[in-house]
Amino acid sequence: MTASTINDRDDLISYLHVALALEHATIPPYLTAYYSIHSTTNSDAAHIIRVVAVEEMLHLTLVANVLNAIGGRPDLTRPGFVPSYPAYLPDGENDFTVDLRPLSPEAVETFCKIERPGRAPSADARLLPTPDSGRPVLAFSPTAEGMRFYSIGEFYAEIIEGLGKVAADDPKLFCGDPALQVGPEYFYSGGGSVIVVSDLDSACRALRFIAAQGEGLDSGIYDADGELAHYYRFRQLQLGRYYQVGDDPDTPSGPPLSVGWDDVYDVKVSVRLADFPPGSELARVARDFNAEYGAFLAVLTRAFNGRPGLLQDAVCDMFRLRDGFNRLVRNPLPGSDGLHAAPTFEIPTAVGASGETARAVTR
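What you see is a predicted model; the values in this text were computed from it and never measured.

Caption draft 1: Looking closely at the overall build of the protein chain. The helix and strand tally for the protein chain stands at 12 helices and four strands. Taking all 363 residues of the protein chain together, the buried fraction comes to 56%. Partitioning the intrachain contacts of the protein chain with sequence separation of at least 6 by distance along the chain shows that 70% fall at a separation of at least 24. A total of about 14600 Å² of accessible surface is found on the protein chain, and carbon and sulfur atoms cover 49% of it.

Shown next as structure tokens:
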């Protein structure tokens with residue numbers, strides 16, 4: 001059997017930092033698809049994507065609570081926290097790129113791949129060699145060089161196993177300041193609630209919830225709270241129907257669901273600042289958006305480091321980014337054959353490191 005890759009508190013902290021980055025890495029792709037939708041169209045698809053994005057914020061909060069409980073410090077502003085898209089996520093035996101795309105069959109297929117349930121055929125197969133692709137692999141082992149995980153579910157299984165192992169050897173593992181915990185009163189969403197972490201049991205419950213809500217690993221189509229797992233929410237967009245209780249995973253029998261794939265702005269896939277005309281107004285809007293997104297991450301970091309009341313502000317901030325999105329996606333990008341502009345999520349280092357923007361420092 002493969003030896004554990006988690007042997008002490010430092011290893012756990014390293015893994016949880018990767019978990020924060022992994023959970024966040026899904027948010028820009030989901031927001032790009034969401035805001036590419038023409039106003040007043042695709043209400044079903046927009047609702048599904050919006051709910052999943054909010055629940056990814058819940059996952060971030062749960063990981064931060066586990067990290068704080070063992071004496072770590074969540075930091076969403078550190079350089080490199082936001083990946084350079086396209087980026088790789090692990091999924092089964094093959095890798096796929098996660099791009100910033102408009103709502104499209106390709107985007108939904110990627111979302112399903114991100115959230116797809118996946119158990120390794122054996123414990124020995126949980127870890128796989130990292131492909132030599134030159135692109136970042138987001139759910140990798142920070143302690144076993146050159147190794148990635150079979151699936152996101154297996155990544156969390158490794159952390160849960162490591163928590164049990166380290167807790168057995170270190171009775172003071174859960175030494176974090178309880179005041180740093182974000183409680184359920186600070187986060188409201190349709191599916192699930194925040195778990196305050198103080199010991200091994202609550203830490204494992206928090207991480208199992210993340211895996212179940214995303215992939216449906218242990219609960220099938222629905223999670224423990226009776227909510228559809230993210231994978232099956234997205235499958236509805238592919239299959240054209242809503243699920244009902246008792247449905248087979250591949251044959252939902254609920255009301256029909258239609259997607260107008262043409263009712264979106266055809267934005268350039270994974271656009272970069274280098275694609276914008278130098279000195280143009282559109283380039284300025286793109287840079288301003290990136291600074292605003294850096295401020296959003298700074299507010300989240302404050303919320304996870306002793307100011308939990310800011311979490312609701314941060315969730316609202318995520319959707320107050322609409323104005324910046326609209327100023328980009330509604331405009332063709334010169335030199336891109338009619339494709340439209342979109343946010344690039346290239347966060348300025350100065351903003352990411354300190355959060356010193358007008359909106360961030362007023363809170």
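Back to the text.
Caption draft 2: The arrangement of the environment of Gly260 in detail. As for its placement among the helices and strands, Gly260 is situated in the loop between helix H7 (230–239) and helix H8 (281–303). Residues Gly260 and Thr41, 219 residues apart in the sequence, show an inter-C-alpha distance of 7.6 Å.

Caption draft 3: Region of the structure containing the nonpolar core. The biggest cluster of nonpolar side chains holds 111 residues, and the ones touching the most others in it are Met57, Ile159, Phe234 and Leu300. Top element by residues in this core is helix H3 (residues 43–69). It accounts for 16 residues. Excluding residues that lie within four positions of it along the chain, Met57 makes contacts with Ile27, Phe187, Phe296, Leu300, Ala314, Val315 and Met318.

Caption draft 4: Structural view of the pattern of salt bridges. Going through the model one piece at a time under the given rule, you end up with 11 salt bridges. Connected through shared salt-bridge partners, Glu281, Arg284, Asp288 and Arg327 make up one network.

Caption draft 5: Up close: unusual backbone geometry. Looking along the chain, the bond that leaves Tyr85 and enters Pro86 is cis, with omega of 5°. With respect to the element layout, Pro86 can be found in the loop between H3 and strand E1 (87–91). One non-glycine residue, Asn42, lies in the positive phi region at around 50°. Note on placement: Asn42 falls in the loop between helix H2 (27–35) and H3. Notably, Asp337 is not glycine yet its phi reads approximately 55°, a positive angle. On the secondary structure map, Asp337 appears in the loop between helix H10 (322–329) and helix H11 (349–354). The exposure class assigned to Asp337 is exposed, which follows from its relative accessible area of 81%.

Caption draft 6: Inspection of the side chain of Asp99 at higher detail. Note that Asp99 resides in the loop between strand E2 (94–98) and helix H4 (105–115). Taking relative accessible area as the criterion, Asp99 reaches 13% and is therefore assigned buried. Engagement of the side chain of Asp99 in a polar contact is seen with the side chain of Thr97, the distance being 3.2 Å. A distance of 3.0 Å separates polar atoms of two side chains, one belonging to Asp99 and the other to Ser270.

Caption draft 7: Structural view of the environment of Ala206. Along the chain, Ala206 falls in helix H6 (residues 200–215). Ala206 sits in the buried class, given a relative accessible area of 0%. Residues Ala206 and Leu62, spaced 144 residues apart in sequence, show a C-alpha to C-alpha distance of 5.9 Å. Sequence-distant contacts of Ala206, defined by excluding residues within four places in its chain, comprise Leu62, Val66, Ile195 and Val197.

Caption draft 8: Focus on the packing of H4 against H7. Running from amino to carboxyl end, H4 crosses H7 at an angle of 155°, the nearest separation of the two axes being 9 Å. Compared by their axis directions, H4 and H7 come out roughly antiparallel. Along this stretch, H4 crosses H7, giving a crossing that reads as left-handed. In this structure, H4 contributes Val108, Glu109, Phe111, Cys112 and Glu115 to the contact, and H7 contributes His230, Tyr231, Phe234, Arg235, Leu237 and Gln238. Tallied by class, the residues present in the contact of H4 with H7 amount to six nonpolar, two polar and three charged.

Caption draft 9: Summary view of the packing of aromatic side chains. In total, this model carries 15 aromatic pairs according to the counting rule given. Between Phe155 and Tyr156 the ring centres are 5.4 Å apart and the planes differ by 75°, which places this aromatic pair in the edge-to-face class. Neither residue differs from the other here; Phe155 and Tyr156 are each classed as buried. Summarising the aromatic geometry, the rings of Tyr231 and Tyr232 are spaced 4.8 Å apart at their centres and angled 80° between planes, so their arrangement reads as edge-to-face.

The rules behind each value
Residues numbered from 1 in each chain as written. Predicted model: local features only at pLDDT ≥ 70, side-chain atom pairs only at ≥ 80, totals over all residues. Heavy atoms only, no water. Helix = DSSP H or I, 4+ residues; strand = E, 2+ residues; numbered from the N terminus. Buried < 20%, exposed > 50% of the residue type's maximum accessible area, 1.4 Å probe, protein only. Contact = heavy atoms within 4.5 Å. Areas by Shrake-Rupley, 256 points an atom, 1.4 Å probe, with all protein chains shown as cover. Core = buried A, V, L, I, M, F, W, Y, C linked by side-chain atoms within 4.5 Å. Salt bridge = Lys/Arg side-chain N within 4 Å of Asp/Glu carboxyl O. Polar contact = N/O pair within 3.5 Å; in protein donor to acceptor, adjacent residues only side chain to side chain. Axes fitted to C-alpha atoms, helices over the stretch in contact; angles between N-to-C directions. Parallel < 35°, antiparallel > 145°, perpendicular 65-115°, else oblique. Left-handed = near helix turned anticlockwise from the far one by under 90°. Nonpolar A, V, L, I, M, F, W, Y, C, P; charged D, E, K, R; others polar. Phe/Tyr/Trp six-rings, centres within 6.5 Å; stacked < 30°, edge-to-face > 60°.

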